[in-house]
Every structure is written in C-alpha cells, then in structure tokens.
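# Coordinate inspection notes
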Amino acid sequence: MKIGFIGLGIMGKPMAKNLLKAGHELLVFDVVQANIDEVTAAGAKAAASSADVASQVPVIITMLPNSPHVKTVVLGEKGVLEGARPGAILIDMSSIAPLASQEIEKACAARGIKMIDAPVSGGEPKAIDGTLAIMVGGDRQVFEEVKPVLLQMGSTAVYCGTIGAGNTTKLANQIIVGLNIAAAAEAFTLVKKAGVDPQLVFEAIKAGLAGSTVLNAKAPMMIGGNFKPGFKIDLHIKDLANALDTGHGVGAPLPLTALVREMMETLHTDGFGQDDHSALAKYYAKVSGTKIGK
Ligand code: NAD
C-alpha cells in the first residue's frame, strides 16, 4: 500500500522504517531535513509538504509532538486537508488532547476525510521492535480497515471508542506511568536515607505487588544515575497538562497528577526538561539532599 508519514522524530523514524520493512511504499515529510534523509536512506520517498504527501496516498499517518503541531500539519497552509483526496484516511498517532482530536476530525469529515486517533505506548525501544501498544478512537470500521497496518508497528491495537478515546486512554496511561515513577523515586530516596541499598530493595520487591513494567524500566535508571531519554520530562509535562485540562473539562479532579506535574515543572525550570522522566529522582535529590544512585 502507498502510505504517507508525517513527523519523523524519535518515534516516527522507527515506525516508518517498520512500514517500509513490511513492504509498503512510503512518502514522508518533516520540517527537519536530517530526519527525512534518514528515512529516505531506508527506502522512503520525500514529499515537499504535508499537502504534497496527502495528495498522493490513500492513508496518511502523523506522529507529531502535540495538538498545535497536528492542527498546523492537518488544517494549516500546505497541510493535509489541502491535498487529501476524499475518502482518504488520516491516522493521527501523536499523543494530543482528546478535544483537539475531535476538532480536527470534524474539519476532516467536512472534506470527506476519515480520521482516527491512535496514540501509542512503549517508547523508542518498542517503536524499533514494532511492539507498541496502540489505543484507538474513531469510526470502528475505519479502525478495522487500517488495523493490519497498525499491527505492523505495534503488537496490540485496541479499539477504545469514538474519536478522542484513543487519546483519553493515552492520558490514563501517562498518569499511571508518571505517578508510578514519582512513587518509585520517593521510595528509593527513603531507603537510601535510611541506609538500605536501593538496588537490594529493587531486587527484593520487584516480584511482589509493587513490581511493574514501569519499575523494571525506570528503577535501574534511577539507581544507575542514567537519565538519557527515552521519554523526556518536557513531553510528560505536555501529557499531564492535557490530562489536567481534560479532567477540568469533564469534572474529574486529578490532585496526584497536578502534584507530579509540578515536580516535573520544577525539573524543567532547573534545566532537566530534556532528561528522561526517571529524572523525577532529581526532584527528590533536591528536596532530600540525597541521590538514589550515582
Ligand atoms: P519528536 O519531537 O522526536 O518528533 C516529532 C517530529 O515532528 C520531529 O521530527 C519534528 O521535526 C516533526 N514536526 C514538528 N512539527 C512539524 C510540522 N509542522 N511538519 C512536519 N513535521 C513536524 O517526538 P517523539 O518522541 O517522536 O514523539 C511524537 C509523539 O509520540 C508525541 O506526541 C509523544 O508524546 C508521543 N510518544 C512519544 C514516546 C517516546 O518515548 N518518545 C512514547 C510514546 C508516545
């Protein structure tokens, strides 16, 4: 199939490469030329703009940072809607505000373009392996039509409801991940201050109820003093801000999310916005005067 791919960053690049490996013809665009070059070297063709991508393919995938970027790429000048043919399908795989997905879908529908939101979880390693967890909102028939393509980038693709439901699910994912990392950083700081080795604590508890995928991925980073991203603090701030806005909109107070977001804002202010989100350990180092690891 001929597929358009717009947004070739940390996640978009490996996802696009997996579609090439699966035998698709890919037409790509990004505002950063080096990102385009890396994917064309793997076999994709470059387009001149998002409109140019959309004018030549029946399926367009976007993987962009946040709501304003998706609005620019889809609704803006030389955007997807300028080029897309009626009947085309837009799969937005970015993590954005559910309300923005709904607004963009409405503008697409008015032009005969079908849109679903399909954000992902799993980070760069799972994007490379093609084992992302994909959560989908929109028309169920459109989802079924493109599900085989989604499963060439992920190991699961679950239909969650109408447009925006994929991103609502992703907000839940980001709340659970962020709060778990904060809990681990708090707990490991306690044991370090109390004179017990955090590595031994991790070994002792990881098979029990406190064990989790998040703990297995992030405890070694905190203990090793390695905060190379992975998933950046600044992107997690974006997701928690979208969660708080959405929560306020529907009348769901999110006090723990607000607290962890402020911890992350502190880290951003201290210059750690580009660190991995496991750098929540640095917040606790600041308030306790003790580092968990190196
Ligand atoms: P990134 O910043 O590395 O990539 C975004 C890409 O979009 C960049 O290459 C950028 O140049 C491009 N871009 C921005 N504006 C553009 C425009 N107007 N036209 C064309 N291209 C444009 O971000 P990422 O880490 O790849 O994340 C993408 C999305 O996936 C985000 O919503 C993020 O929250 C989500 N996500 C990221 C991870 C992760 O671990 N990095 C995991 C799951 C979900």
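The residue count restarts for each chain, going from 1 along the sequence in the order it is written. Given that the model is predicted, a residue must reach a pLDDT of at least 70 before its local features are reported, and side-chain atom pairs must reach 80 or more before they are shown or counted; all residues, however, enter totals for whole chains, interfaces and linings. Side-chain figures throughout are based on the complete set of non-hydrogen atoms in the structure, without hydrogens or water.

## Some details on the pattern of salt bridges
Should a side-chain nitrogen of Lys or Arg be within 4 Å of a carboxyl oxygen of Asp or Glu, the pair is scored as a salt bridge. Considering all chains together, one arrives at 9 salt bridges under this definition. Where D239 meets K238, a salt bridge forms, and the shortest distance between an N and an O atom there is 2.9 Å. Each member of the pair, D239 together with K238, is buried. Across the pair R261 and E265 runs a salt bridge whose closest N-O atoms are separated by 3.1 Å. Exposure categories follow from relative accessible area, calculated using a 1.4 Å probe and restricted to protein chains: below 20% of the type maximum is buried, above 50% is exposed, and the middle band is partly exposed.

## Structural notes on the environment of P14
Numbered from the N terminus, helices here are DSSP runs of H or I no shorter than four residues, and strands are runs of E no shorter than two. Residue placement: P14 occurs in helix α1 (residues 12-21). Counting along the chain gives 139 residues from P14 to M153, while the straight-line C-alpha distance between them is 8.7 Å. Apart from the residues lying within four places of it in its own chain, the contact partners of P14 are G9, A127 and I128. Whether two residues touch is decided by their heavy atoms; if any such pair falls within 4.5 Å, the residues are in contact.

## What to know about helix α13 (residues 255-269)
An expected span of 1.5 Å times one less than the residue number is assigned to each helix. Given a rise of 1.5 Å per residue, 15 residues ought to cover 21 Å, and the 21 Å separating the end C-alpha atoms of α13 matches this to within 8%. Those residues of α13 that fall on the buried side of the exposure criterion are T257, V260, M263, M264 and L267. Around the axis of α13, the buried residues are gathered within 125° of arc, so they sit on the same side. The outward face of α13, more than 90 degrees from its buried face, is lined by the exposed residues P255 and T269. As for α13, its buried residues are in contact with α9 (165-193), α12 (233-250) and α14 (280-288). In the segment just after α13, G271 is the residue with positive phi, at about 95°. Directions drawn from the helix axis to the C-beta atoms are what define this arc.

## Observations regarding the site of the ligand
Neighbouring residues of the ligand: 26 residues in total, closest M11, D30, N35, P65 and K238. Identification of polar contacts relies on pairs of N or O atoms within 3.5 Å, with a donor-acceptor requirement for protein atoms, meaning one able to donate a hydrogen and the other able to accept it, and with residues adjacent in sequence counted only if both atoms are side-chain atoms. In this structure, an oxygen atom belonging to the ligand sits 3.0 Å away from a main-chain N or O atom of S95. A distance of 2.7 Å separates an oxygen atom of the ligand from a polar side-chain atom of K238. Relative to its unbound accessible area of 830 Å², the ligand is 87% covered by the protein chains. Elements supplying a minimum of two residues to the shell around the ligand: α4 (67-75), α7 (123-129) and α12. Residue composition of the shell around the ligand, by class: 14 nonpolar, 8 polar and 4 charged. For this purpose, a residue is taken to be near a molecule or strand whenever a single non-hydrogen atom of the residue falls within 4 Å of it. Note on areas: Shrake-Rupley, 1.4 Å probe, and residue coverage restricted to the protein chains presented here. Three residue categories are used. Nonpolar comprises Ala, Val, Leu, Ile, Met, Phe, Trp, Tyr, Cys and Pro, charged comprises Asp, Glu, Lys and Arg, and polar comprises the others, including Gly.

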